[in-house]
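Here is how the chains run, residue by residue.
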Amino acid sequence: MASIRPVMSHPAAASLWAAGAAPAAPTPPIEDACQADVLVVGGGYTGLSTALHLAQAGASVCVLEAHEPGWGASGRNGGQVNPTLKHDPDELAALLGARAEPLLDAIAGSADLVFELIARHRIDCAPVRAGWLQASYTPAGVPALHRRAQQWRDRGAAVDVLDRQAMVTRTGSDQFHGGWLDRRAGSIQPLSYARGLAAAALQAGARIHGASPVTDLRRDGRRWVATVAGGARVLSDQVVLATNGYSDGLWPGLARTILSANSFIVATPPLGAAAAHILAGGETLSTAQRLLVYLRKDAQGRLLMGGRGLFANPAGPADFAHVERALAQLYPALAPFQFEYRWGGRIAITRDFLPHVHRPAPGVTIALGYNGRGVATATAMGKHLAAWLTGGPEQDFPFPITTPSPIPLHGLQRFYISAGVAWYGLLDKLSG
Ligand SMILES: Cc1cc2nc3c(=O)[nH]c(=O)nc-3n(C[C@H](O)[C@H](O)[C@H](O)COP(=O)(O)OP(=O)(O)OC[C@H]3O[C@@H](n4cnc5c(N)ncnc54)[C@H](O)[C@@H]3O)c2cc1C
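Residues numbered from 1 in each chain as written. Predicted model: local features only at pLDDT ≥ 70, side-chain atom pairs only at ≥ 80, totals over all residues.

A. Here's a closer look at the overall build of the chain. Per the secondary structure count, the chain includes 11 helices and 18 strands. When each of the 432 residues of the chain is scored for burial, the buried share is 50%. For the chain, the proportion of contacts with a sequence separation of at least 24, taken over those separated by at least 6, is 75%. (Helix = DSSP H or I, 4+ residues; strand = E, 2+ residues; numbered from the N terminus. Buried ≥ 20, exposed ≤ 12 C-beta atoms within 10 Å, placed from the backbone. Contact = placed C-beta atoms within 7 Å.)

B. Main features of the site of the ligand. In the vicinity of the ligand, 45 residues are found, and the nearest of them are Gly44, Gly72, Gly78, Gly345 and Gly374. Sorting the residues of the shell around the ligand by element identifies helix 1 (45-56), helix 2 (73-76), strand 12 (259-267), strand 16 (341-349) and helix 10 (374-389) as the ones contributing at least two each. When residues in the shell around the ligand are grouped by element, the largest group, four residues, is from helix 10. Per-class residue counts for the shell around the ligand are 19 nonpolar, 21 polar and five charged. (Near = placed C-beta within 6 Å. Nonpolar A, V, L, I, M, F, W, Y, C, P; charged D, E, K, R; others polar.)

C. Structural view of the nonpolar core. Leu39, Ala51, Val61, Ala201 and Met305 are the most contacted members of the largest nonpolar core, which totals 117 residues. The leading source of residues in this core is helix 8 (residues 190-203), at nine residues. (Core = buried A, V, L, I, M, F, W, Y, C linked by C-beta atoms within 7 Å.)

D. Structural detail: unusual backbone geometry. Here Ala335 and Pro336 are connected by a cis peptide whose omega angle stands at 0°. Here Pro336 is to be found in the loop between helix 9 (321-330) and strand 16. Phi at Ala126 takes a positive value of approximately 50°, unusual for a residue other than glycine. The partly exposed category is assigned to Ala126, around which 18 C-beta atoms lie within 10 Å. Located in the positive-phi region is Asn371, a residue other than glycine, with phi close to 55°. Mapped onto the elements, Asn371 comes out in the loop between strand 18 (364-368) and helix 10.

E. Broad picture of the sheet that holds strand 15 (residues 303-308). Strand order in the open sheet made by the eight strands is 5-6-4-13-14-15-12-16, with mixed pairing throughout. Unpaired on one side and paired on the other, strand 5 (159-162) and strand 16 mark the two borders of the sheet. Pairs of neighbouring strands in the sheet enclose a mean axial angle of 20°, with direction left out of account. Alignment of strand 4 (residues 132-136) against strand 13 (residues 284-287), held across four bridges, turns out to be parallel. Note that in strand 13 the partner of Ala135 across the bridge is Thr287. Lying over the sheet, helix 7 (residues 164-171) contacts strand 4, strand 5, strand 6 (178-182) and strand 13, oriented at roughly 125° with respect to strand 4. On top of the sheet, helix 9 reaches strand 12 and strand 15; it is set at about 125° to strand 15, its chief contact. (Pairing = 2+ DSSP bridges. Axes fitted to C-alpha atoms, helices over the stretch in contact; angles between N-to-C directions.)

Encoded structure:
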């Protein structure tokens, strides 16, 4: 029987999403086919949180990750821990009716969950809980943000409505006309958080294997048999597919249910006192237009600015020029900026902009589609999945369970994404 390789050190240790991150937890190699109650495919926040909570509940869990824990979006993201979905609470209630309430509760508590896990498992990931600013470049965009804040406040959330002056003071940029502050939110070093979740899951008894892409999954009697490249097999009663924007052909048709879009980030060198006025309170920032950009200052004082990517993976510094320009527009006095690091990662966009949970076959659960807001939501997803898979009532599971539905003409996703970027960019300009 072929062996399954253990977690390896990070293959991209030269880039920022790995530099400065907490070290990866080593796991011993296993030499034989692994038997588990639950096999989790994908070692990002969804898979790792599922594994941690399953193991804590006493289930035997095996995580197979094609590269290493945190290799996907979970190790590369903007580090914003935001307890919100793309939809506002009232919009969600109109969309989902009675099913909106449990989902809103799960989302509202998702940042608490992240920071509780960090504290309980002593995860070394530079956690800061100083809130998330969402800012409008235009006066016309401000009322919608104030309504959003009010909807969350009506639900008991700690939020502030901000006028132009308050936003200028907090962001250190005069480009904004107002917005809101969600005090529940915060930030983390994303890869360190992923590695910390992996370490906590290992500690709780889960097995995690990196460099283990699952290439085949089939039913054999009452069990599922997963085959890893190289031939090793894992037998399990249940399977959780947690592959999000990196979903491949493993589950037929799954990749066609999402658009796998790139998001790009650039990082300046540590700026010290020169940037002391930028997000001085430790907040994170997103802009509110359709093609949003997002910004935070890391523990070393770098500015990390993110925005839309190309459909293709980045080929060189020129591909990041639009994100770099957006940073210079916010802080012209500090321009031109130097950039130490540039990287990208894939998010999964769904047609309804909601996370998707599917049960396409007995014992198989799929969870994906966080639409670029997965740090807190995917962590919460894992906790709720674990409760459900260990016998919790289905009605307590807060995410809607839907049938996988392919996006029409998915083969054109490269075109959809480019056209969407152009269209949204035009709408942003017109509404400016
Ligand atoms: C650049 C960027 C910035 C972002 N910023 C933010 C932010 O600031 N705040 C926020 O909330 N969200 C943000 N997100 C989104 C967030 O990172 C994701 O929603 C979240 O990490 C999804 O976690 P996941 O575990 O579902 O998927 P991922 O972390 O992508 O993990 C999926 C894993 O599955 C593995 N895999 C795929 N196929 C196989 C297979 N066949 N066998 C084994 N393994 C497989 C992949 O290797 C990958 O590691 C951002 C994303 C990106 C890319």
